[in-house]
Amino acid sequence: MDRRNFIGTALKTAIAGVVPVSVVKLAFAQAQNDFSFACISDSHLQQIRGSQFVRRQDQALLRAVNEVNLMAPRPDFVVFGGDLAQLGSKAELDHGADILSRLHCPVHMVMGEHDYYLDLGAHWRELFGRQNYSFDHKGVHFIVLNSVLTCEDWTLHRWESAERRMAEMTGLDSPRMSPFMVGDMQRQWLQADLDRIERSTPIVVLSHSPLQKIRKSWNFWTDDADMLHAMLAPFEQVNVIYGHVHQLQQSRLGNIHFNSVVATAWPWPNPQTANQAGSHIPMLTVPLASPPGTSDGASWQLVNLYSGRVEVAGADVRES
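Residues numbered from 1 in each chain as written. Predicted model: local features only at pLDDT ≥ 70, side-chain atom pairs only at ≥ 80, totals over all residues. Heavy atoms only, no water.

### A short note on the pattern of salt bridges
- By the definition in use, this model includes eleven salt bridges.
- R63 is paired through a salt bridge with E67; the nearest N and O atoms lie 2.8 Å apart. A residue pair is termed a helical-turn pair when its members lie 3 or 4 positions apart in one helix, as R63 and E67 do in helix 2 (residues 55-70) at four residues.
- By relative accessible area, which is 22% here, R63 ends up partly exposed. (Salt bridge = Lys/Arg side-chain N within 4 Å of Asp/Glu carboxyl O. Helix = DSSP H or I, 4+ residues; strand = E, 2+ residues; numbered from the N terminus. Buried < 20%, exposed > 50% of the residue type's maximum accessible area, 1.4 Å probe, protein only.)

Have a look at this one:
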């Protein structure tokens, strides 16, 4: 998609409200090598009684799927950025899997904390497979990480019930919450995966949490982010795309570009304009920013992975 065609597509499919889909375009020196993929994230489907689900979250995910199916040209694939469910129940995950099965292109799944902390990801893995994996597409190496793990003692030994564990990990400003991390085993797997990749190969890392240390009390935070940055530093071009924060963010640390994708469920406040207690913004080559006009957390987003530039088109197109 060039910018004109992208805006035209956004306007055509956004007439009923704000579009909760991100489109990522990988732009190369030779335009014929360009391709795009779509991102949908953070639907937080919640069962309320019987077979009923919270209508807004339910309809937003359905609409995002329909809009991806209407895109022309069609994205090569879709990434779902995590938090398909709200409370991690089998019914919520099954319902989300059913909706995502209606997409007309392949789907790559990322696990979120709302998907994980009820049964430690057991049913999610039954539905979608591995929680960390890599794949190659048209010369780009994609890496998917489960970035919402934490220490074993917190996960296994502190809680009277799985529901209590889920509640503590998924609230904002909970004093009993534990920081997210990728963890030793995944970092070892990641290093082995990176060791076989040429340093000139473009790398795209897909995670749920930011792989940065932005605001600890909200868990906009990945505790071992510094180690991950060191592992990715030798590569010429790295992009990290994440969900979780329910808003558009962009920043750069050396060769690593960070971009969030929008949520279909609801927006969260900007961590830099909220109360700063407990926040830690790292020294970034390009500081953390939310593009203007995107504070509602649900919009179109075009991420150019060659330059790291973000363009937002039709971010506030509403029914007239």
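### Topic: the environment of V54
- When you line up the elements, V54 lands in the loop between strand 4 (52-53) and helix 2.
- Classification of V54 as partly exposed rests on a relative accessible area of 22%.
- When the C-alpha atoms of V54 and H44 are compared, they prove to be 9.2 Å apart, with ten residues separating the residues in sequence.
- Excluding its chain neighbours within four sequence positions, the residues that come into contact with V54 are Q46 and I48. (Contact = heavy atoms within 4.5 Å.)

### Points about helix 9 (residues 225-232)
- Among the residues making up helix 9, those that are buried are A225, L228, H229, M231 and L232. Along the long axis of helix 9, the arc covered by the buried residues comes to 160°, so they all point the same way.
- At its buried positions, helix 9 is contacted by helix 8 (184-195), strand 9 (203-207), strand 12 (238-242), strand 13 (250-253) and strand 14 (256-260). (Arc of directions from axis to C-beta.)

### Notes on the packing of aromatic side chains
- For the structure shown, the criterion picks out 13 aromatic pairs.
- Centre to centre, the rings of F37 and F142 are 5.5 Å apart; their planes meet at 80°, and the pair counts as edge-to-face. Linking F37 in strand 2 (residues 35-40) with F142 in strand 8 (residues 140-144), this pair joins segments that are 105 residues apart in sequence.
- The exposure class assigned to F37 is buried, which follows from its relative accessible area of 0%.
- What makes F142 buried here is its relative accessible area of 0%.
- Between Y117 and W154, the aromatic rings sit 6.0 Å apart at their centres with planes inclined by 90°, giving edge-to-face as the arrangement. Residue Y117 is located in the loop between helix 4 (113-116) and helix 5 (122-128), and its partner W154 is located in helix 6 (residues 152-157); the two are separated by 37 residues in the primary sequence. Both residues of the pair, Y117 and W154, belong to the buried class.
- What links up through ring pairs into an aromatic cluster is the set F35, F37, F77, Y133, F135 and F142.
- Here the guanidinium or amino end of R215 rests over the ring plane of W218, the centre of that ring lying 4.1 Å away. (Phe/Tyr/Trp six-rings, centres within 6.5 Å; stacked < 30°, edge-to-face > 60°. Lys NZ or Arg CZ within 6 Å of the ring centre and 35° of its normal.)

### A closer look at helix 8
- With twelve residues, helix 8 extends 16 Å from end C-alpha to end C-alpha; this agrees with the ideal 16 Å at 1.5 Å per step.
- Burial in helix 8 covers these residues: Q186, R187, L190, D193 and L194. Viewed along the axis of helix 8, the buried residues span an arc of 120°, placing them on a single side of the element. Away from its buried face by more than 90 degrees, helix 8 exposes D184, M185, Q188 and A192.
- Contact partners of the buried residues in helix 8: strand 7 (133-137), strand 8 and helix 9. (Expected span 1.5 Å × (residues − 1).)

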